[in-house]
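# Structural features, examined
One-letter residues, chain by chain:
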Amino acid sequence: MQAQKNKIAPISVLYLLCTSRLSVLLTSSQAEGAVDLSGVLSALAAIPVILLLSLPIFYCNKYGKTPFDNKAISVSYGVYFVFLGALNVYRFSLFTAFSLGDNLNIFFFGAILLICAVYSATLGIEGFSRFSAMAFLMLISGITIALLLNIPNADLKNAVPFELSAKSFLKEGALFSLSGSELAVLFFIFPYVNGKSGKYFSLSVILSLVFTALVLIMSMLVLGNGTKYFEYPLFTLFQTAGISALSHIEVMFTAVFCFGIFVKLTLLIFCACECFKCSSKRTSVFLTAGLCAAGFLLIYFLFGRTPYKAPYFIAPFIIFCVIIPLFTLIFGKRKVEDSFEKL
């Protein structure tokens, strides 16, 4: 397939979206979801749910229908992407302040991440999609190594106290299925994909959630009931993976995840900039960066250093990832009569 300027290869959808979802594992705290059997089953059950929810988006692309030609809807998506970006900056800042020391300034880490991501977004989707391939391989390798190093620490007896709760299963299922940014991002970047991307999107969902389930299982087997006492279970799992020659191996694992978080924020900022469609690219970039910084400050003002409750943010997902794509598919007009099928 011949490369086109400002286009990405279909496999880049796998790199970008899988990296985006996996990177959340590091900054996920106990406030967002419990590490238990319900969480494991919910992660696996979320796979068919997300794939089912993605169908209207794929059919919109197949029939040449898009809501982004409408200025109001496009700006609304831009605000949604900014909100998700601010949320990720907030989560990353909380984690770095926690892991490196509570006395460190939380705003410093947020500012550094935001500045780097904004600059990367200005280079275009083709540039940072190539970087996402490396981040994807590093994340998959890092998680796999951490799991393997923790096998000697695992004990099946630690899994005995965990019981399956229907209420917890539904709550965790909603969290895994209805709180990600991947569907909204996929809906927007379709025009930038040079070919069919359905199988790569499906693979990104399956890989990310299977690895999530594996991490939850290993956390249960290694930490047992102690998981509820650790603010960031995955970071604790990295710490237990240390070996004599690498006593602080969690630093390397954390660095790998930082690349993933950087890719996710860059992708969100790029989508927001394009959605705002300002008179100049520079205006879009400054507007997006300013709104993202303001959103970060607002979230910090509302929640402080107490991690937010993720279920409160499911409503925007339903609007932008379910309702609008479905209405676009049903009521939207074809942009072109003979559109390419990218299923």
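First, a word on scope: everything that follows refers to the structure included in this document. Keep in mind the model is a prediction, meaning the values are calculated, not measured.

A few words on the overall build of the protein. On a plain count of helices and strands, the protein comes out with 13 helices and zero strands. Secondary structure elements of the protein, listed N to C terminal, follow the sequence α-α-α-α-α-α-α-α-α-α-α-α-α. Here the protein holds 343 residues, and the buried ones make up 53% of them. A fraction of 89% describes how many contacts in the protein between residues 6 or more apart in sequence connect residues 24 or more apart.

Along the chain, the position of Ile-324 falls in helix α13 (residues 314-331). The spacing of Ile-324 and Ile-73 is 251 residues in sequence and 9.0 Å in space, taken between C-alpha atoms. Beyond its immediate chain neighbours, meaning those up to four positions away, Ile-324 contacts Pro-67, Ile-73, Tyr-77 and Ile-319.

Take the packing of helix α2 (residues 37-53) against helix α7 (residues 166-177) next. Contact geometry for α2 and α7: axes closest at 8 Å, N-to-C directions at 45°. Considering their axes alone, α2 and α7 lie oblique with respect to each other. Both α2 and α7 take part in a crossing whose hand is right-handed. Residues Ser-38, Gly-39, Leu-41, Ser-42, Ala-43, Ala-45, Ala-46, Val-49, Ile-50 and Leu-53 of α2 pack against Ser-168, Phe-169, Glu-172, Gly-173, Phe-176 and Ser-177 of α7.

To describe a pair of aromatic rings, you give the distance between the ring centres and the angle between the ring planes. Under the defined criterion, the tally for this structure stands at 21 aromatic pairs. Ring geometry for Phe-188 against Tyr-192: centres 5.9 Å apart, planes inclined by 40°, an arrangement best described as tilted. Overall, Phe-188 belongs to the buried group, its relative accessible area being 7%. On the basis of relative accessible area, Tyr-192 is assigned to the buried category, the value being 18%. One aromatic cluster is present, formed by Phe-68, Tyr-77, Tyr-80, Phe-81, Phe-128, Phe-187, Phe-188, Tyr-192, Phe-270 and Phe-320 through successive ring pairs.

What follows deals with α7. In a regular helix each residue adds 1.5 Å, so twelve residues correspond to 16 Å; α7 covers 16 Å between its end C-alpha atoms and thus fits that length. Among all positions of α7, only Ser-168, Glu-172, Gly-173, Leu-175, Phe-176 and Ser-177 are buried.

About the criteria used
Residues numbered from 1 in each chain as written. Predicted model: local features only at pLDDT ≥ 70, side-chain atom pairs only at ≥ 80, totals over all residues. Heavy atoms only, no water. Helix = DSSP H or I, 4+ residues; strand = E, 2+ residues; numbered from the N terminus. Buried < 20%, exposed > 50% of the residue type's maximum accessible area, 1.4 Å probe, protein only. Contact = heavy atoms within 4.5 Å. Axes fitted to C-alpha atoms, helices over the stretch in contact; angles between N-to-C directions. Parallel < 35°, antiparallel > 145°, perpendicular 65-115°, else oblique. Left-handed = near helix turned anticlockwise from the far one by under 90°. Phe/Tyr/Trp six-rings, centres within 6.5 Å; stacked < 30°, edge-to-face > 60°. Expected span 1.5 Å × (residues − 1).

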